Structure formats: C-alpha cells, structure tokens
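Here's the letter readout for the chains.
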Amino acid sequence: MPSHLMPGQVLARGVSRHLRGHDFVTVEELVPTGGLRVDVMALGPKGEIWIIECKSSRADYMADAKWQGYLAWCDRFFWAVGPEFDTDLLPDDSGLIVADGYDAEILRMGPEVKLAPARRKVMVQKFARHAAIRAQAARDPGFTPGFGTV
C-alpha cells in the first residue's frame, strides 16, 4: 500500500476497485456545488450516480457536518469505513461499504432517490469534466487545470 495515501484515500481506492467490478467508474474529490466536496462519486452503466463518503475514524465521522448536503446530488449515498469502524455510529437509512486499500464489500444499499433529469445532466457533465481534467493532469505534469476546477 503506498505510504503517501491518507487513510480516507486508502478507503476510496478499495471502494473504487470494488465498484469497477459492478461496472461503475469513479472519481475522487468532486465538487457538486460550492462548499461541498465528495470523497468518491460513482457513475453506473445506466447513468446512476452514487456518492460515497469515506470515514477513517470516529473523529472523522463526527466532524462531518456537511454529509446531508450530498443527498441532493446523487441517487444513492453510502458511507465507506474500514473493518474496525463501529458501524453502529452510522445512520441506518444510508448505504454502508466496508473497505480496505484493495477491495470493499457493500453491506447495505442506500435508499434510491432518483435525481431530477436536469440535475443528473449537470452531474454527469461535472463528472466527465472532472475525470478529463484528472486524466490530462496525470499525462502532463506541467498541466494547470485553471479556474479552480480540481
């Protein structure tokens, strides 16, 4: 496991690997709207949008006062935690994924609340632009995203 990854990034890596097995693609640290930044956003084969918040500790979870703001930007919401995390802390009406740096398992599906078509279009466009900027930056070390897009 790369030592330069923060604990939440390790969870995000396992989540992303697992979701790829369900034909979802993912991006990390996407901003759906001002003041919010999601840990992982997943786009499914039928245009489903899932948000996954990665919590590496009780303190990390307790400090998150914004998570309910994410619900308006996805069809399903999940918490991703490590195997040692006390899942009794998490709301029962959200999805639950247990992950490590290599894989994950969906233990509970979050309820599905379909996005309105106009909001879905905006989110798919944000996802695509975010992914393209990240891909370009990975290929070109001198690339400057500009406009605060990443």
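A few points on the structure. (Residues numbered from 1 in each chain as written. Predicted model: local features only at pLDDT ≥ 70, side-chain atom pairs only at ≥ 80, totals over all residues. Heavy atoms only, no water.)

So, the sheet that holds strand 6 (residues 104-108)
For step 1, the next point in the chain: With mixed pairing, six strands are arranged side by side in an open sheet as 1-2-3-4-5-6. Whereas interior strands pair on both sides, the edge strands pair on one side only; in this sheet they are strand 1 (25-30) and strand 6. Adjacent strand axes in the sheet meet at a mean angle of 30 degrees, parallel and antiparallel pairs treated alike.
For step 2, the next point in the chain: Here strand 3 (residues 49-55) pairs with strand 4 (residues 76-81) via six bridges, running parallel. Paired with lysine 55 across the two strands is valine 81, which belongs to strand 4.
For step 3, the next point in the chain: Across the sheet, helix 3 (residues 117-139) lies against strand 1, strand 2 (38-43) and strand 3, angled at about 85 degrees from strand 1, the strand it touches most. (Pairing = 2+ DSSP bridges. Helix = DSSP H or I, 4+ residues; strand = E, 2+ residues; numbered from the N terminus. Axes fitted to C-alpha atoms, helices over the stretch in contact; angles between N-to-C directions. Contact = heavy atoms within 4.5 Å.)

Observations concerning the side chain of arginine 13
For step 1, the next point in the chain: Along the chain, arginine 13 turns up in helix 1 (residues 7-20).
For step 2, the next point in the chain: In terms of polar contacts, arginine 13 uses its side chain to reach the backbone carbonyl oxygen of glycine 101, at 2.8 Å. (Polar contact = N/O pair within 3.5 Å; in protein donor to acceptor, adjacent residues only side chain to side chain.)

Examining a negative patch on the surface
For step 1, the next point in the chain: A surface patch of negative charge is lined by Asp86, Asp88, Asp92 and Asp93.
For step 2, the next point in the chain: Taking the relative accessible area as the measure of exposure, aspartate 88 reaches 70% and is therefore exposed. (Patch = residues over 30% accessible without salt bridge, like charges linked within 9 Å, V, L, I, M, F, W, Y side chains within 5 Å. Areas by Shrake-Rupley, 256 points an atom, 1.4 Å probe, with all protein chains shown as cover. Salt bridge = Lys/Arg side-chain N within 4 Å of Asp/Glu carboxyl O. Lys, Arg positive; Asp, Glu negative; His and termini not counted. Charge placed at Lys NZ, Arg CZ, Asp CG, Glu CD. Buried < 20%, exposed > 50% of the residue type's maximum accessible area, 1.4 Å probe, protein only.)

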